[in-house]
Every structure is written in C-alpha cells, then in structure tokens.
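Below are the chains, spelled out letter by letter.
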There are 4 protein chains.
Amino acid sequence: MAYFRLGISDMALNRFQEFLWGLIAPLRRRKGERLLLDEALQTLMGSRGEVSTAVAAREVLDSYQEAADEDKLVFFRNLEQNFNADFETVKSAWQAYEEEPSGANLSRLSRDAEPRRLALLRRLHQTPNATHDLVAMRADLLELLPRRPELETLDREFEQMFSTWFGRDFLVLREIDWSTSAAILERIIRYEAVHEILDWKDLRSRIEPANRCCFAFFHPSLADEPLIFVEVALTMGIPSGIGEILDNEAGAGADFTTAVFYSISNCQPGLKRISFGNFLIKQVVLELQAAHPSIETFVTLSPVPGFGRWLESDADDDEENAQDAALFNLKRECREWLQRPEPAAENAELLRRTVFNFLLRKRRGMYPEDPVARFHLGNGASLHRVITGADLSENGWRQSRGVMVNYLYDQTRIETNHEHYIGEGKVQFNDRLKALQLRT
Amino acid sequence: MAYFRLGISDMALNRFQEFLWGLIAPLRRRKGERLLLDEALQTLMGSRGEVSTAVAAREVLDSYQEAADEDKLVFFRNLEQNFNADFETVKSAWQAYEEEPSGANLSRLSRDAEPRRLALLRRLHQTPNATHDLVAMRADLLELLPRRPELETLDREFEQMFSTWFGRDFLVLREIDWSTSAAILERIIRYEAVHEILDWKDLRSRIEPANRCCFAFFHPSLADEPLIFVEVALTMGIPSGIGEILDNEAGAGADFTTAVFYSISNCQPGLKRISFGNFLIKQVVLELQAAHPSIETFVTLSPVPGFGRWLESDADDDEENAQDAALFNLKRECREWLQRPEPAAENAELLRRTVFNFLLRKRRGMYPEDPVARFHLGNGASLHRVITGADLSENGWRQSRGVMVNYLYDQTRIETNHEHYIGEGKVQFNDRLKALQLRT
Amino acid sequence: MAYFRLGISDMALNRFQEFLWGLIAPLRRRKGERLLLDEALQTLMGSRGEVSTAVAAREVLDSYQEAADEDKLVFFRNLEQNFNADFETVKSAWQAYEEEPSGANLSRLSRDAEPRRLALLRRLHQTPNATHDLVAMRADLLELLPRRPELETLDREFEQMFSTWFGRDFLVLREIDWSTSAAILERIIRYEAVHEILDWKDLRSRIEPANRCCFAFFHPSLADEPLIFVEVALTMGIPSGIGEILDNEAGAGADFTTAVFYSISNCQPGLKRISFGNFLIKQVVLELQAAHPSIETFVTLSPVPGFGRWLESDADDDEENAQDAALFNLKRECREWLQRPEPAAENAELLRRTVFNFLLRKRRGMYPEDPVARFHLGNGASLHRVITGADLSENGWRQSRGVMVNYLYDQTRIETNHEHYIGEGKVQFNDRLKALQLRT
Amino acid sequence: MAYFRLGISDMALNRFQEFLWGLIAPLRRRKGERLLLDEALQTLMGSRGEVSTAVAAREVLDSYQEAADEDKLVFFRNLEQNFNADFETVKSAWQAYEEEPSGANLSRLSRDAEPRRLALLRRLHQTPNATHDLVAMRADLLELLPRRPELETLDREFEQMFSTWFGRDFLVLREIDWSTSAAILERIIRYEAVHEILDWKDLRSRIEPANRCCFAFFHPSLADEPLIFVEVALTMGIPSGIGEILDNEAGAGADFTTAVFYSISNCQPGLKRISFGNFLIKQVVLELQAAHPSIETFVTLSPVPGFGRWLESDADDDEENAQDAALFNLKRECREWLQRPEPAAENAELLRRTVFNFLLRKRRGMYPEDPVARFHLGNGASLHRVITGADLSENGWRQSRGVMVNYLYDQTRIETNHEHYIGEGKVQFNDRLKALQLRT
C-alpha cells in the first residue's frame, strides 16, 4: 500500500543496500562470504562517519540473520560480556560526581556508565530496515531467555531502546478492511491469537460487513507489519456469547447501540512489554463514536484465561485456604459441581459466582491475577457482566469453563476507575453483580 | 497530501486531544486555565498508566507553549536542577558495581544514574504530536544557550534523545517538485539558507524544469516539515558560477552529464547536531543515477564561508605567521590585491591560490577550518575546482570573495577518501589543482 | 499528488508515447518532421487495429498542436466539409426506414447518418492524454467561432462528445487546501474569475484558515486540471459585503452557522456548455453539513453582472418602456440618482429596489436576464437578500453598482423551487423583500 | 486502497444517494416502495435540470436492480420498442438534408434519427455509480440475447456508448501484487479464465515471487473492478509447458531473459466487444522492458482452443475436403493416431504438424479460425513455437490435445506483422516451423 511505502521505494532501497554492500566488500577476506559477526561488530564499533556506520550496521544485521542458532547465542553472549563499560572510566566519573553531585557530573556518569550495548543498538539503527531486523533479533533473544537467564540484562536494554523507538507519537492507527492489502491481511490471519481465523473467507466475514470492523497500530518503519489489532462487532445490545459474533450473518447498517471488542492480539513477539493496547482501545472508541454517533456502550467480550488454571491447580491449596477461605471453599464447590457428569444448568449461577469472586479476590500483589482483567481494569474499564456458556469451543472451555466477561469502557468514568484501580487495586463492577459477591 | 496524512487523521487527532484535555480537567484549579508548568510536570512524573501519562504529557507541552519567555527559562532551570538523580541510590548502585563489575550491575548503575530528565523526555513523547513540540522546545533552549551555559547539560540530553528518534531508519526521502503540497513548498522557500528563494515563481524555476530537482528528508512524525533538502541542477558540464544556475532558462531534457548540488539547507534549528546531510547527498546520487544513467559527474557548487572571515581577521596574525608563514604571506598578498580599487583580473589566479591553500592548510584541529569543506570532505568528496567570480552577489562577495568550489562525489573513491580524511585529515584534490599548492 | 497520478505514471507515459512515435515513423516522408495534418487524418481514418489507431491519433493531436493558426482553421474546415456522410448510403438507410420504421432500421439510419466527425473524435480518444488535447482543441475552435459561424456544427459535435466523456459519474470532488499540490493551486489562482487572487499569500488566506474552504471537480483524465471550483466562507451570520470575507482575519474554528459561497469559477474554456456547477454546489452543501453540523444556512454572495450592462444601455429604451413601463421608470430614476456627485446614502433603498425588480422582471425569454441569477435560481435557490455597498471594488461598481445578492440554498425547498422556476419561470424570494416589489 | 477511493468517498457517496432519494420520494405513490420501472423511466426522460436527472437516473437504476427477471425483459423490450424516434421529425430532417446535403443538415438528421435509447443511456450516466450499474445491466442483456435476438439493436447501442466511456485515454494500468487490496485480488481469483486459481495461496504464488507478475487495466469509475488482466512469468528461456510455470518454485531475482504471458482474462461480461487486450500486452511489454532491461524475448504460452473443436467436428467434412484436401487428410490422420490406445510418442510430430497447419490454413473469412491466434496475430505477434504435451490438464487436453503455442511479440516487427496480417491475412511464423508446413 502506497500509504506505507513511505520513504525510499523498494527499488531505491535495493539500490541503497547494494551501495552499502559495495562499500563493505573491501573489508571481506573471502569474496561471496559475509564477515563473521565478530568482525562485523568490530567494524561497526570502530566506524567513523555516517556512511561507514550504515555499511557496517547493515553487515552486522545481515550476518546475524544468516548465522546459525549457536552463533546467535555466541553473539548475544558477546554483547552481554564484552559490551559493558570501562571500569576505570566509570570510577573516575563516579568520583567526580561524588565530590560534586551536579547535573553535569551526573550526566557524565550516566554517559560513562551506559553499557556499550546501547550505543551498539543506536549504531545498528543507522541503516535502512534496521527497526525490522532488530525486532526480529529480540524475538530470537526472548526465545532463548528461559534457558539463558544471564541474557536478561541484554533484553532489558533492548526493551529500553524499543520503548523509545515505539513511543506513542510514532504509532499510526489504521482501519483494516477488505480494501487493505493482502500483505497486511495475511498477517492479521496469522497473528489472531484469541479466536482463530480459519481462512480468507472467515477473515472477510470479520472485516467487510457493515457491522464488523478492525483497527491496528502500525509503525512507519515496519511498513506492512501490524503491531496490535482489535476486532469489533457493532450490535444492537450486548451479545450473550462469542458464537453470536463469530457465526452471525452480517446485519444491515442499522442504528447500532453497542460496540463489542471481542478480540485483541499482539503481533510482534519481539515487542514484548512495549504495550500499545491501552491506547488502541481508547482511540478506537473515539473513532467509532465519530463514525457511529448512535453507539453508546463500549464493552469487551473477553475470556478469563486465568480462571481455568486457578481452578485446576491444587498446589497452593493450603496457602489459598489460609489467605481467603471463603474463596477457597467456593472454588472447591465449583470444581466438584463441574466434575459431575451433567452439571445441572440451574446451578450455572455457582460458576458465575466463582468466576466473579475469582476476578475480585484472587490477586497477584495488588492486582487481580487474571491477565485479561488486569489489562482492561488497568485501562479504566469496569467489570460489567459475567456470562456462562458464552464460549463453548474447546479452547473456551479449557481456559474459562465457557465463561466470558464484559468489561465496560465508560468514557465518563474511565479516569476515576483507572486511578482507584492503580492506587488501591479497587475493581469497579456493575451493581447488578453485587449479589454474587462473597460477604466475607 | 495524503502521503503525509500518516496515522490518525487531523480530525481524529483533534478528538484525541479533546479527550486528553477532558481527562486533565479535574486536575485544574481554575477552569479555563492551564496548569502551571510545575504542576503539570509533577503530574506527569507521577502518572501511572499510559493514558494518564499521555494526558499529562500533552498538558506539559501545551502549558510550555503558552508560557512566557521567563517561565520557559524557569522551566529549563527546573529540569537542570531538579531532574537529576537520587544521590544515595546512585551511590549504592555504584557500590554494587564496584564490588562486582558485572553487566547486570553496570546496567543497574546506568539506569540509576540516568538523569530523570531523560525519563521525562520519554514520557513527554507518549502523546500525539510530541516530536514536533519537543523539537520546538529545543529550538528555544538553543537560543538561550549562549547566555545560559549552565543549560548545556540539558541540551546534551535533548540531543541524545533526538539522535534516537531521528535514526536513519526513520528518515524518508522524498522528491520535491511542483506537485508537492503548498504546505511543504512554503517551508522550502522559508528554509533555503544558501541562495535565497525570492517568491513562488523563483521556487518553481528551481523545482519544475526537467533540468532542476530537489530532494528532502522527512520524518513520519513531522508530517509537512522537511528536515534538510538539497537543490540540484542537471547540466551538460560543470558550470562556472552560480549565476548560470539561478538565472538560466530551463534546458530541454537533454542527455545530462553532470549533477550539480548547489544548495543544501537544514530546516530545523531544534535538530542541531543531528546530522542528515551525508546520507541525503549519497542517497540522492543513487536516485539520480537510476533516473538519468547518462549522468557521470556529481559535484557541488559550494561557497567558502570561512574564507571571508579568515581573510579579514587579523587578531591571530602572529600566531598564524608562526604556524604557517607561507600561508600567512599569501593571505596578506591577497588581501592587499583585493583592496586595490580595481584588482587586475589577470591576477585572479592569486585569489584562487589563496582559497585553495586556505582550504588545504588552515585547520581547526586535524580538519580544515572551513565548515562547508569539512562537511563534503568528511563525506568522502574531493576538492575538484576553485572558481573565481562564481558568485558575485553581495553575500557571495562577503563570504567568499566571489569564489565557489566544486567538491566531487566519485562513487568509486568515496570510501577511500573518507577514510584518509577521517584518519589523517588528508584532503584529496584534483591533479590540476596541484600547480596552486604552496611548496612549503 | 499521488492521488491524481492515476494510471500510467509519467515515466510509463513517456515510454508509451515514444513507442507510438516509433510506430508512426515509417509513415513519414521526411525524417524529423511531423506528418501534415491531412496525411495524419487520413492515416487515422484508415487505421485498423487498436495500436495503429492509437499511433495515428497521437500523430494527429501532435501535428495539430504544432500547426500554425491558419492551418488549424484549415483543419477545422476540413472536418466541417469532408467528414460528413455518404449521401447514397444515408439515402438507402432512409428508404429502408421509411418502408419499415423499425428500431433496427432506425439504428442503421442513425449510424449511417452520423457525421464521420464523431467517429473521428472517438478515434482520436484512443490514445493517452487525448482528453486533454481535445479539450484544448475545442478551446481554439470556440475562439474562432464568432468569426466563423460555419464551424458551429462542428462545435456542437464536440459538445455532444464531451457531454459523454464528462458525465457526472466520471467527476471527482476534492477539497482544495494548503496541502494541495502547487500544480493545482497555481491553476486556482489563474482561473479565479470572480474575485481575483493576487498572489500565493492571498490564496492561502482563502484556503487554509479554519473558516475558509474550497472544493473542485476533477476528471481522472485531466489529472491536475480543476474543471470548476467554489470558494466558501464559514461565518456566524450572513455577511453584509464581500470585504468582510476577503479582508477578514481567520476566525477561530467556532460554531459556524452559515456557509457563504462567494465565488464559483469555471476553469476550462474548452468545456463551455458542459455544466458542472449545479452538482458542485449541491455536493459541497452535503460535505459541509457532514463536517459542520452546526451550519444551517447555505447562501451565496453573488454579483449581479447583468445589472450594470442593463442600467447603462439605452438602445432599447422604447421597447423596454413599452414592455414594462414601471421597471423602465425605476431604471431611469436610479440612473439619475447614481449620476449625482454624491448620491445621498438614505436613498440606497432606490438602488436595492431597482436591482430587485431588475432580477424579478427583466427577462430573456422565460427566465431572468442576469446570468448569475439564472444559474442559482435554476439550481433551486431562492433570492434571499439584496445588499448595497457590498462590493466597492472597481469591478464591483462597474458590474453591479456595488450591489451583491444572497441566493439561499434551502435543502427542504430546493426541488420545489427548481420545478416552479423551470416550469413557470417563477422566482422565489424572501418575504422581507416583498416591500421592494413594484406593484404593477 | 486509497488509490481507488477516487472522487467522493464512500461516506459522501452515501450522503449523495440519500439526498437523491429524498428528492425522488414525493414522486412515489406508496411509501417504502420504489417506483415502477416505467414510471421511473418517464420521470427520467421528462426531467429538466441536472439534479432532477440525477435523481431520476438513480431511481431507474435502483428499480432495475430490484426488478424480477421478467420485468427486466419487459424493460429491455420497452427500450427496444418505445425509445426510437418520431417518424415525422426524422422525415422532415431527411427532406432538408436531401434538398441540401450540408454538414448542418446532416448533423440535424443525425440528431433527429438518434434512437432515444442513446439519450436515455446518457441520462442514466448522470448519477454516481452509473457506469458500474450500466455495465451490469448490459451483462443481463447479453445473457438474454441468444433467446431474444430482437434485442440485438439495443445491445449495439450499449456497445456504442461503452466504447466511448471506455476509450483508451480513460484506462489505467496497475500492477497487481501482494500489496494490492483484497477486494481486487478476490476478483482476480474469480475472473481468471485460463488457468484456474485454486485459492489465496495459489494466487500468492502467481503475484508475489520476484519471477511472477500481473498487470490489469482499471477504469476510474469502476474502482475495485479490473477490466482485464495478464499474468506473466519471468524466466531464463521459453518454458516447454504450463506446468513449469504453475508448479515451479519461485526463482531468485536472476537476470531474466524472457517474459512469458501465460494467461490473459477479461473480467467484465458486460464489456463484451470493448477490447483492451491489445493495449494491455503492449503496455506491459514496455513496463517490463523498463524494469528488467535484461529481458529480450516476449512470448505468450497460449492454448489453441479452436483445435479441439475442429478436430472433433465432422459435420463439414465434405466441404473441408473440397476446400483444402491436404489439411483435411492431415486432420483425419491425426485423429486416428490420437484414438489409438497409446499413441506412440515419436509421432508427436504429427500432432505438431496438424496444429501448425490448422492455425495457418483453417480460416474464418480472411483470418485464422482459432480465436487466440486471431487475437495475438492481430496484435502483430508471430507464431513462434508449437509445443506438444505442454498442458496435460483435463481442460488442456480437451481444448488443445495438450498442445500450447508461443506467439512472439518482437517490438521491431510488430507493426509490419500487424499490417500484413490485417491487410492480407498473412501469418508470420518462425523459420524453424517451415518444415511442418504442408506443401500444397
């Protein structure tokens, strides 16, 4: 899409890369082979002049891409061990600061104590397409991390740099519809993480009808790559389950009253902890209000993925019992009822009550344990409805025992909610849910 | 131009800002008035959650814009004095690092020693249009700097942040022509710093004819704002003066042999020391090669702004004489000749010789004193020709005594030149200039 | 603007024309010279195959462009005299139709009686850029017409063809603002026919402020050429003169109540009698209603160009007196009053009364004589206000004695007005104007 | 894609249609129902003023779309019978012309004899989206035609009008690739008529790899609707069968020598006999030459769909034998050989010979009977190669007994070939095919 073909055209980009390649060639020992990563790194850190830097940066990124997995690990370790700072330089900067803790001396200390990894990342960024390649590099790093905890420092520095490159002012909101390029749509299919998109026909049913829409954030340097997207159904009332949305025929462009955010997916593993979701939902609310003034209710239709895990686990039973016996008893009761061959429907209320109190009372630190709840409540939404039998897919049963939850985005209360939640961990909920609340 | 309507449309942007404004309102003491900058800053640094941050960032930026000059100074001083770091925290991070200088401990020290100013800049960036407003803020700061050297530390931190936000991968090259939007063209007129553009007709004569072109770098977050641009004339040979270019009628789209870069202008005072020029010229060379394969020579037609200053100054005469007596004598001879009522034309050679040796021998540190020479030689260009009577405008006489210089961009030698220049300060020049060189 | 770079890019277009040119070359007698128009025409009418036609069409259009004025006249005469039909063929088609007036026989007669000029125009259209060149050709023809009435038939056929090529479904509405390309804006300056645009600064004051806008129709084949445009001022009430609009400082984006169409200009002389204005105004009303729901009044601020002419002329005095003595007396009275050295202001009412009754009663056939009145009343607008001293420029005085008129576009009455006007010539006007109406 | 959002945006279009609808409403007898087609037609033909026409045109088009099949037939018959001309008017125009056969009188006769159907089509075109609706209307008409030959006259008039609306100057060439909108790509899948596209994956393999491309013509008023498209494979030599192209893995962006046009599909049944193919192929040749200077050979890989039909038919055996006994004998021999259980491969030469001579000698009028041959030879291509076993799909066997043919587009010979073919029906072929030629 021309929209994103910002800047140098593909053709010019190729020319630019060929040009860079031509410049690096004399540095190579053997024709047709890339520099070893080490050499490329040394060249990059020693480069003076902008063009040499661009050349060497491209060389490092290309060499990295072609490297074997074990060489990538060596590369990361190299960064971790050898791109720190010179102890003596840091020491003398500290001493100056200790003697006179002025702004200038702090600045000097800050610069001298900055790990050379960060300077390296900045240098790597001085070449076209670098953002894309570095996001991919961090995705590799994050995969290694569980087995290589020593690389965590390095990952923190990636995160620090990315939070700068992906500041809110650089993000671009775009509507995704049937006139969007196939290159982007193909990624929407691939990245949908909540309710799988089966094929192009399924995709079309989610973005083309007048009562369905989809919005994504993009970054100018990642042309065809959505960062995060949200799928929305426009309805005449809050639906009582995801089936109504996924199976429903397209409704005519009637006077919708409700926008249901039923799926929100992050697309870039390499951008972990760089969060865009808060802004996305809030900006989409504004877009929808402008386009459909009749819409007054903005809710999610969300799973409760923490519920299944919690219900099944019994490792911490004693501790749980000690902390919150009422909740613990409810959990046990619910678990038993669910294990019956045919749990009597009239008792679905038990499930609702358990989920509601789980969301309210089961905490990790100050905030609810369920990650989806943390996301929306942290955004200033409130807990609006708990619906049983709302997602009877295999996945829906496993994660949430078929329960889904509406979180309500009420523009007039969003900031107050947000403050009470952040400050006191207070979860706002609809009065009608009060009856479900455990007394103790 | 749709091209730049990147991201949220103007209308959506307005909605978004109204929304942010609505959120900040409860914080205000008096309706209709902005928060004082202090309060806004405190709110921003205390904000939790992305939306609160965006709100408070917008508040700070708007309050700043409306502040009186003296309040802006107070604001900068506040940043300088009160946004440093907590001494005890830095100290204990230092102690940990001193004890075990590991990567993780260095990282911790680096984070703890980072002046809070940088975190503040990152937070300010979390709101639409922030890049634009912060570039303007630094322009203010740079104007204050000569009288307020204590703010230099703060400026360094702005520079550090901007070098990240304006990395090469974020820059976008665009051709400027008669189909470009008036909003951009109006800025080209305003920012042209070398050969003034008189009016829209003059502008048109520089961008519309088949033998004239113009290229600029843009940044996605500064939609209609060029960062730097270069004007190019396509010719059948190297012209012997700027008049040929500025006055000349448009030539037919013949088989050009030469591209003359006759003007390069930085547009954003707030981006001082964030340099784009190297890349711009080199990428434009690539674009022109692709579009006009017949062009084989890429030269500048440049003033020598350091020459006039040097010729006039006599403060350092003794020192100069001691350092380079041959050059000093040449300078004196030239000065006398120029002061005659009608300097004999046959002696124009004396002027050429003086300029050439000035460029070659008068150094600031390792590199030539003349800033334009430093720029192009640092890019890997070589000194190709020295032309007298090439710019007889008042400005041209004052700056360079009418002399202009061609710097040659020869793709096959650019990298070698660059290395010799950077490493040894060596100035490459055309063999035909050899005769002008002082022997001693 | 990419928007209009529809279709083959400039570069591809050049290649395509070179290709066409290569094909025509063998037909030429002397290298380097164009075919004479005659030969080119013959080649075109004899061409078979689409490519030969495109080649020959391009050749005719290029030869025409380079022809001298007298050769263009010869060319038009040639079309008029030698591109009719074969009498015998028409005759036998007539005889078949006379015998059996079926649809098929009529079709045959229609085809056989079609002047070959029309087929020629269709063939000329089979080459890139033909629309542009043919519109220019008709502009030449229209200039010749007053002295060459024999070419009127030919002009009617141009008109017939253009009314097909410029059908409503091919027109494209675009807003003109400060982000529009200079190539288009430069034409807006050039084509403004009502209130001259002095320079780019003046233009900017008409399109950039939040209370000014401009819309134009374009045709996909005339990329940067507006066909017609209208300038609009958004105000808080109906202004009492054009000065308020042209001189006024930009107002803040307040809650406008009124949109004033103060200038509408046709841009293409070659499209005479192909009218776009009706649609333009009505569609702009819709756009403005959508963008500014607070606007409830849509009026023009129009000159009365027929009034000055009528007031001055005395050729038909006797006839006028006989037809409408009351109006004639009013005209005389007004004329005298205006000739006094200082016409007493209190009597401005006389001028208003004369203009109002001129608009109402002075007719050409069934409809008012004043062309601007005919345009807006024919659109379904009503006469809303007559304002003296509303345009005191030299032109405003000469044309309309300083008077301007508001025509009101009231969406709820537009169709009824239109029907009464078209059917009975009835001019709707505001009740408050009733007092000005001549009784007899 | 913004590219095609030409003109009034969807939203504005909706507003415009609502506005039109509001105007038509008073004409309706019963609320909520469309006018009968008859009434709508009468309103349209009686409308005065542009807006009334647009309203009524939209009403006719909408009523038509919602009409039942039998009502559509009634509508077409109505046009055929009642939209002719007034006999007496035609007669008096004829008499004037007969008396003085001047250009003006011919023009008058031509206008008076024009069936009112054409005026009707022009009026219908005066409303947004009319082109689209009228193309669909003609598609309906063409389906009726075989059973309703009396409607042929009407169809001729549609064709006449469309040839004007789809003149070459209005067509827009666009490359189709993976960044094209899904709305367009979905139609490419649907309209591919030569080698079926199975799904989106298959489509991607034809448009994304560096050695595959696709180009289409569009019309500005049919935004997302391709008119015709061609699929091209870039190769290192002429492939010996379609399998090599359809199955082949994407080759690296090597130095291609050959462009193979392996599929060309018309998309709009309603545009039958409005041909675009000639131009498409020739313009694509130019685009490819510019983008890939290494390509020197431009060939098709085409089926011979007339061959299967001819081989099977024996209705005209006697006649064929009489006309061209040599060819007839060859056909019989080939037929027998193909009917053997396992036709010996060594004899594939017989098949090649039969196809070659079929293409050369079996004529309909002056030109070859095979429609694909007629298309490419009429374009100026020559017969380059006849390949057996080149398409072993079921369809390929049925149509062409597995044979495919290369037609060569040689820019230096295209015009000469074209002239000899058009003038004398001469088929140019490669010398190496000479051995296959029947002597008699």
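This text follows the structure it describes.
Residues numbered from 1 in each chain as written. Chains lettered and ligands numbered in written order. Predicted model: local features only at pLDDT ≥ 70, side-chain atom pairs only at ≥ 80, totals over all residues. Heavy atoms only, no water.

**Side note on helix α10 (residues 182-191) of chain B**
Short version of the rule: Throughout, exposure labels follow a simple rule: accessible area from a 1.4 Å probe, protein chains only, divided by the maximum for the residue type, with under 20% read as buried, over 50% as exposed, and the rest as partly exposed. Runs of E in the DSSP output that reach at least two residues are strands. Runs of H or I that reach at least four are helices, and both are numbered from the N terminus.
Of all 10 residues in α10 of chain B, nine are buried; the element is thus mostly enclosed. Those residues of α10 of chain B that fall on the buried side of the exposure criterion are Ala182, Ala183, Ile184, Leu185, Glu186, Arg187, Ile188, Ile189 and Tyr191 of chain B.

**Structural notes on the interface of chain B and chain A**
Filter applied, for reference: Between two residues, a contact is recorded if the distance between any of their heavy atoms is within 4.5 Å. Note on definitions: buried area is the accessible-area loss of two parts on being combined, 1.4 Å probe, summed for both. Any residue outside Ala, Val, Leu, Ile, Met, Phe, Trp, Tyr, Cys, Pro, Asp, Glu, Lys and Arg is labelled polar, Gly included; the first ten of those are nonpolar and the last four are charged.
Every contact between the two is made by 78 residues of chain B and, on the other side, 77 residues of chain A. Taking both partners together, chain B and chain A bury about 7000 Å²; carbon and sulfur atoms supply 61% of that area. When the buried surface of chain B facing chain A is broken down by residue, Glu50, Trp94 and Asp169 of chain B rank first, second and third, together holding 10% of it. Among the residues making up the side of chain B that touches chain A, the classes are represented as 34 nonpolar, 26 polar and 18 charged.

**Re the interface of chain D and chain C**
Note the cut-off: One speaks of a salt bridge when a side-chain nitrogen belonging to Lys or Arg is within 4 Å of a carboxyl oxygen belonging to Asp or Glu. Distance and chemistry together define a polar contact, namely a pair of N or O atoms within 3.5 Å, with one atom able to donate a hydrogen and the other to accept it when in protein, and with adjacent residues in sequence counting only for side-chain atoms on both sides.
Taken together, the contacts link 78 residues of chain D with 77 residues of chain C. Roughly 7000 Å² is buried in total at the junction of chain D and chain C, and carbon and sulfur atoms are behind 61% of that figure. Our count for the contact surface shared by chain D and chain C stands at zero salt bridges. The interface formed by chain D and chain C holds 14 residue pairs in polar contact (both at pLDDT 80 or more) in total.

**A few points about the environment of threonine 53 of chain D**
All names here are of chain D. Residue placement: threonine 53 occurs in helix α3 (residues 50-66). Using a relative accessible area of 9% as the deciding quantity, one classes threonine 53 as buried. For threonine 53 and arginine 122, which are 69 residues apart along the polypeptide, the C-alpha to C-alpha distance reads 10 Å.

**Quick word on helix α18 (residues 371-378) of chain A**
All names here are of chain A. Of the positions making up α18, those classed as buried are Val372, Ala373, His376, Leu377 and Gly378. The residue sitting at the N-terminus of α18 and contributing the capping side-chain oxygen is aspartate 370; that oxygen lies 3.3 Å from the backbone nitrogen of valine 372. One or two residues past the end of α18 sits glycine 380, with phi positive at roughly 100°.

**Section: the packing of aromatic side chains**
Heads up, the rule is: The criterion for an aromatic pair is that two Phe, Tyr or Trp rings (for Trp, the six-membered ring) have centres within 6.5 Å, with stacked assigned to planes under 30 degrees apart, edge-to-face to planes over 60 apart and tilted to the rest. Two thresholds decide whether a charge sits over a ring: the Lys NZ or Arg CZ must be within 6 Å of the ring centre and within 35 degrees of the ring normal.
This structure, assessed with the given rule, holds 74 aromatic pairs over all chains. When the ring of phenylalanine 158 of chain D is compared with that of phenylalanine 162 of chain D, the centres are 5.7 Å apart and the planes differ by 80°; the resulting orientation is edge-to-face. Residue phenylalanine 158 of chain D and its partner phenylalanine 162 of chain D are located together in helix α9 (residues 152-165), separated by four residues, close to a single helical turn. One exposure class covers both phenylalanine 158 of chain D and phenylalanine 162 of chain D, and it is buried. These aromatic residues form a ring-pair network of at least three members: Phe87, Trp94 and Tyr97 of chain A together with Phe87, Trp94 and Tyr97 of chain B. Here the basic side chain of arginine 190 of chain C rests over the ring of tyrosine 191 of chain C, its NZ or CZ set 5.3 Å away from the ring centre. Its end group placed over the ring of phenylalanine 279 of chain D, arginine 168 of chain D keeps NZ or CZ at 5.2 Å from the ring centre.

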